[in-house]
Amino acid sequence: MAASGGEATAEAGKLLFSLDVPFPTSREADIALHSLSPDREPRKGGISKRLTVSGSTLSVSWSADEARILRVSVNSFLDHLSLVVETMEMFGPPVSH
């Protein structure tokens, strides 16, 4: 699974970054969403992150005051995403309920 569509822009003094991550199925995208959603940003201010799923694509968007904060958050998210993807690959496709 390759992430696509990474985009960084600046708007009204904020740095914005978005990332679309395609999954083989919508069920796997939902599993990733629920696995990654509990991870709130440790800082109270300066950054926000939004995760959504559309079909089999997980979309993530960040808004930050500083490039350093944005970089740390994106890197942390990618580490967690990598772990989620490796875990799903290790255990095979999800079983339907």
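Residues numbered from 1 in each chain as written. Predicted model: local features only at pLDDT ≥ 70, side-chain atom pairs only at ≥ 80, totals over all residues. Heavy atoms only, no water.

The name an unreviewed UniProt entry assigns to the protein is L antigen family member 3, from the organism Solea senegalensis. Recorded in UniProt under Subunit (unreviewed entry), the annotation for the protein is "Component of the EKC/KEOPS complex composed of at least GON7, TP53RK, TPRKB, OSGEP and LAGE3; the whole complex dimerizes." (UniProt positions renumbered as here; feature names shortened; annotations may be inferred.)

Asks: Report on the overall build of the protein, specifying residues and quantitative values.
Replies: Per the secondary structure count, the protein includes two helices and four strands. When the helices and strands of the protein are placed in sequence order, the string is β-β-α-β-β-α. Going through the 97 residues of the protein one by one, you find that 28% of them count as buried. Here the protein has roughly 6,200 Å² of accessible surface; of this, 54% comes from carbon and sulfur atoms. (Helix = DSSP H or I, 4+ residues; strand = E, 2+ residues; numbered from the N terminus. Buried < 20%, exposed > 50% of the residue type's maximum accessible area, 1.4 Å probe, protein only. Areas by Shrake-Rupley, 256 points an atom, 1.4 Å probe, with all protein chains shown as cover.)

Asks: So what about the nonpolar core? Which residues, and what values?
Replies: Core analysis: the largest hydrophobic core is formed by 21 residues, its most contacted members being Phe23, Leu36, Leu51, Leu58, Trp62, Phe77 and Leu81. Mapped onto this core, the elements with two or more residues apiece are β2 (14-22), α1 (26-36), β3 (47-54), β4 (57-64) and α2 (67-91). With eight residues, α2 is the single largest residue contributor to this core. (Core = buried A, V, L, I, M, F, W, Y, C linked by side-chain atoms within 4.5 Å.)

Asks: Requested: an account of the side chain of Ser59, with residues and values cited.
Replies: Here Ser59 lies in strand β4. Setting aside residues up to four positions removed in sequence, Ser59 forms contacts with Leu19, Asp20, Arg50, Leu51 and Thr52. (Contact = heavy atoms within 4.5 Å.)

Asks: Explain the packing of α1 against α2 residue by residue, including any values.
Replies: Contact geometry for α1 and α2: axes closest at 10 Å, N-to-C directions at 135 degrees. As summarised for this structure, α1 and α2 are arranged oblique, according to the angle between their axes. Judged by the twist between their axes, the crossing of α1 over α2 is right-handed. The residues of α2 that touch α1, namely those facing Glu28, Ile31, Ala32, Ser35 and Leu36, are Phe77, His80, Leu81, Val84 and Met88. Counted by class, the contact of α1 with α2 contains seven nonpolar, two polar and one charged residues. (Axes fitted to C-alpha atoms, helices over the stretch in contact; angles between N-to-C directions. Parallel < 35°, antiparallel > 145°, perpendicular 65-115°, else oblique. Left-handed = near helix turned anticlockwise from the far one by under 90°. Nonpolar A, V, L, I, M, F, W, Y, C, P; charged D, E, K, R; others polar.)

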